[in-house]
Amino acid sequence: MIRNTSFNVRPDRHTSAEIALLKPEESVIVYDTDEKVNKFWNGTEWINVGGASGQSGYSHTGAFADKPTDNNYVWEAGAGIDYTQANVDAELWKVFSLSNAVHLAVDNPYWTTPTPSGNTGIGLFQGANLPNDVSKLFEFDYDYDTNYPSSSGTGFEGTTGRIRLNDAVYGDQLRVRFDFNVVPQIANTTVEPALWYSNRNDNDDITFTFPLTAQPIFYGQGTVGRSFLNRIEISAWITSNEDVNALTLPAIKSDNPVIIQPLGLLVTLIR
């Protein structure tokens with residue numbers, strides 16, 4: 001008999017023949033050692049939900065915490081998250097939270113073939129397309145202040161959710177595509193996208209915090225009040241225990257006030 005495997009831990013390992021004989025509870029995930037793929041039991045049949053061993057994989061979410069509930073989580077023209085003059089003066093990196101409630105509302109598959117697993121708490125693809133032995137790449141209900149109640153000055157204070165790297169292996173490359181709209185408020189504005197990143201040791205102590213920056217984006221004359229879609233890729237290596245245990249969320253900094261509409265994250269582990 002196998003246990004009901006959570007998406008928070010690595011799945012049990014079985015051969016294809018053994019899996020064919022299993023009669024598990026619904027929502028069990030196992031790893032097929034012959035096909036080298038994770039399989040999910042939907043109550044009727046086994047469905048492949050992860051990439052083969054050694055292969056890259058990815059997950060996507062649109063679960064940004066500040067999306068408007070009064071418009072079905074869709075940004076309206078001119079609305080968004082204000083990066084204010086006070087933020088400019090403080091040279092603040094504004095970090096964008098994720099939300100489990102928004103995840104449940106927006107990360108819903110729009111297709112029927114292949115059959116979605118129906119498992120929530122993972123992302124839009126519900127566990128499909130993940131690298132082998134990776135249970136999920138987002139943790140929507142993570143609360144920084146609960147885990148670090150006396151923290152100050154890290155930039156994560158007040159944030160929720162995180163990109164989850166705990167199942168990454170040494171040698172992986174993290175690649176994050178951050179999709180967001182920018183509405184400049186002043187001409188000749190430069191916006192810097194980044195991953196706000198904190199390495200942590202095995203005791204979850206934060207050892208170093210820094211922005212992993214992408215190429216700055218310049219908005220010149222004629223851009224004020226217009227909305228511009230950006231799809232920025234940012235990469236990082238995974239080469240130590242502190243990388244696997246890192247905290248990270250997308251962030252921006254600007255040299256003038258802007259409105260930001262965070263849209264989505266495509267997180268990939270490349271092997």
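The shown structure was predicted, so the numbers you read here are calculated from the model rather than taken from an experiment.

Quick notes on the rules
- Residues numbered from 1 in each chain as written.
- Predicted model: local features only at pLDDT ≥ 70, side-chain atom pairs only at ≥ 80, totals over all residues.
- Heavy atoms only, no water.
- Core = buried A, V, L, I, M, F, W, Y, C linked by side-chain atoms within 4.5 Å.
- Buried < 20%, exposed > 50% of the residue type's maximum accessible area, 1.4 Å probe, protein only.
- Contact = heavy atoms within 4.5 Å.
- Phe/Tyr/Trp six-rings, centres within 6.5 Å; stacked < 30°, edge-to-face > 60°.
- Helix = DSSP H or I, 4+ residues; strand = E, 2+ residues; numbered from the N terminus.
- Lys NZ or Arg CZ within 6 Å of the ring centre and 35° of its normal.
- Salt bridge = Lys/Arg side-chain N within 4 Å of Asp/Glu carboxyl O.
- pLDDT = per-residue confidence, 0-100.
- Polar contact = N/O pair within 3.5 Å; in protein donor to acceptor, adjacent residues only side chain to side chain.
- Pairing = 2+ DSSP bridges.

S.K.: Sorry if this is basic, but what is going on with the nonpolar core here?
M.R.: Soluble globular proteins tend to bury their nonpolar side chains together. The biggest cluster of nonpolar side chains holds 54 residues, and the ones touching the most others in it are Ile-163, Leu-174, Tyr-197, Ile-252, Leu-265 and Val-267. Aside from chain neighbours lying at most four places away, what touches Ile-163 is Leu-137, Phe-138, Val-176, Leu-195, Ala-246, Thr-248, Leu-249, Leu-265 and Val-267. Core analysis: the next-biggest nonpolar cluster, separate from the first, contains five residues, Ile-19, Leu-22, Val-30 and Trp-41 among them.

S.K.: Is there a simple way to think about the packing of aromatic side chains in this case?
M.R.: In this description, an aromatic ring pair is defined by two values, namely the gap between the centres and the angle between the planes. Scanning all chains against the criterion turns up 13 aromatic pairs. Judged by centre distance (5.4 Å) and plane angle (45°), the ring pair of Tyr-197 and Phe-210 falls under tilted. Highlighted residues: Tyr-197 in strand S11 (residues 189–200) and Phe-210 in strand S12 (residues 206–213), separated in sequence by 13 residues. Of the two residues examined, Tyr-197 and Phe-210, each falls in the buried class. Look at Tyr-219 and Phe-228: their rings are 5.3 Å apart centre to centre, the planes differ by 45°, and that puts the pair in the tilted class. In this structure, Arg-162 packs its charged tip against the face of Tyr-142, placed 5.2 Å from the ring centre.

S.K.: Sorry, what's going on with the pattern of salt bridges here?
M.R.: When the charged atoms of two side chains with opposite charge come close together, those side chains can pair. Inspection of every chain in the model, using the stated rule, returns five salt bridges. Taking the shortest distance from any N to any O, the salt bridge between Glu-139 and Arg-162 comes out at 2.7 Å. In this pair, Glu-139 is assigned in strand S8 (residues 138–143) and Arg-162 in strand S9 (residues 160–163), connecting sequence segments 23 residues apart. Grouping residues by exposure puts Glu-139 and Arg-162 together as buried. For the salt bridge of Asp-172 with Arg-271, the shortest nitrogen-to-oxygen distance reads 2.8 Å. Here the residue Asp-172 occupies a position in the loop between S9 and strand S10 (173–184), and Arg-271 occupies one in the segment after strand S16 (258–270), the gap between them amounting to 99 residues. The class of Asp-172 is buried, set by a relative accessible area of 3%.

S.K.: Any chance you could explain the confidence of the model for the protein chain here in plain terms?
M.R.: Do not read the predicted coordinates in detail wherever pLDDT is low. Here the protein chain shows a mean pLDDT of 89. Residues at 70 or above account for 89%. Confidence drops under pLDDT 50 across residues 1–10; counting only partners more than four residues distant or on other chains, this segment forms 34 contacts.

S.K.: So what exactly am I meant to see when it comes to the side chain of Arg-162 here?
M.R.: Given a relative accessible area of 5%, Arg-162 falls into the buried group. For Arg-162, the side chain forms a polar contact with the side chain of Glu-139, separated by 2.7 Å. If sequence neighbours within four positions are ignored, Arg-162 has contacts with Leu-98, Leu-137, Phe-138, Glu-139, Tyr-142, Arg-200, Ala-246, Leu-247, Thr-248 and Leu-249.

S.K.: I'm lost on the pairing of S11 in this one. Help?
M.R.: In summary, the side chains of a regular strand alternate between the two faces of the sheet. With 10 of 12 residues buried, S11 lies mostly within the body of the structure. By the bridge criterion, three bridges tie S11 to strand S13 (residues 217–219) in an arrangement that is antiparallel. Its bridge partner being in S13, Thr-190 is matched across the sheet by Phe-218. As judged from the eight bridges shared by S11 and strand S15 (residues 247–254), these two strands associate in the antiparallel manner. Paired with Tyr-197 across the two strands is Thr-248, which belongs to S15. Both S11 and S12 contribute to a ladder of seven bridges, which runs antiparallel. Within S12, the position partnered with Ala-194 by the bridge is Thr-213. The antiparallel pairing of S11 with S12 creates a hairpin that spans five residues between the two strands, and Asp-204 there sits at a positive phi of about 70°.

S.K.: Looking at this structure, how should I read the environment of Ser-254?
M.R.: Within the secondary structure, Ser-254 is located in strand S15. Counting along the chain gives 161 residues from Ser-254 to Trp-93, while the straight-line C-alpha distance between them is 8.3 Å. Among residues more than four places away in sequence, those in contact with Ser-254 are Tyr-83, Val-88, Thr-189, Thr-190 and Val-191. Of the polar contacts made by the side chain of Ser-254, one reaches the backbone oxygen of Asn-256; its length is 2.6 Å.

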